[in-house]
Amino acid sequence: MIEIRGYCQRCQAPIFLNRTLDWYGNSVVTLNCWNGHYKWINIENIEADLPAETREDLVAHIGFFSVT
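Residues numbered from 1 in each chain as written. Predicted model: local features only at pLDDT ≥ 70, side-chain atom pairs only at ≥ 80, totals over all residues. Heavy atoms only, no water.

## Here we look at the sheet that holds strand 2 (residues 14-21)
The four strands lie next to each other as 1-2-3-4, forming an open sheet whose pairing is antiparallel. The open sheet has two edge strands, strand 1 (4-7) and strand 4 (38-43), and neither has a second partner. The mean angle between the axes of side-by-side strands here comes to 20°, regardless of whether they run parallel or antiparallel. Bridge count for strand 2 against strand 3 (residues 27-33) is seven bridges, and the pairing is antiparallel. Looking across to strand 3, one finds that Arg-19 is bridged to Val-29. (Pairing = 2+ DSSP bridges. Helix = DSSP H or I, 4+ residues; strand = E, 2+ residues; numbered from the N terminus. Axes fitted to C-alpha atoms, helices over the stretch in contact; angles between N-to-C directions.)

## With respect to the state of the cysteines
For the structure shown, the criterion picks out zero disulfides. Free of any disulfide, Cys-11 has its nearest cysteine sulfur in Cys-33, 3.8 Å distant. Judged by relative accessible area, which is 29%, Cys-11 ranks as partly exposed. Residue class for Cys-33 comes out buried when judged on its relative accessible area of 1%. (Disulfide = S-S within 2.5 Å. Buried < 20%, exposed > 50% of the residue type's maximum accessible area, 1.4 Å probe, protein only.)

## Quick look at the pairing of strand 4
Taken together, the five bridges between strand 3 and strand 4 define a ladder with antiparallel strand orientation. Looking at the pairing, Val-29 lines up with Asn-42 of strand 4. Between strand 3 and strand 4, which pair antiparallel and follow one another directly, the connecting turn spans four residues, one of which, Gly-36, has a positive phi of 90°.

Spelled out as structure tokens, the structure:
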């Protein structure tokens, strides 16, 4: 069962906490509404091997695909 964590400030839809793996095996944790408005996105370990000055400018691409 998915637990509602609040309501979106933009569209008032329910907000859910989601955890999944991206294409490269990184753990992606998001807090977003079902209309696609994200409150935050955390991609764990994606920048662990980058120099500290590079991490500040990191922009991660997040894509979705269907496995069916």
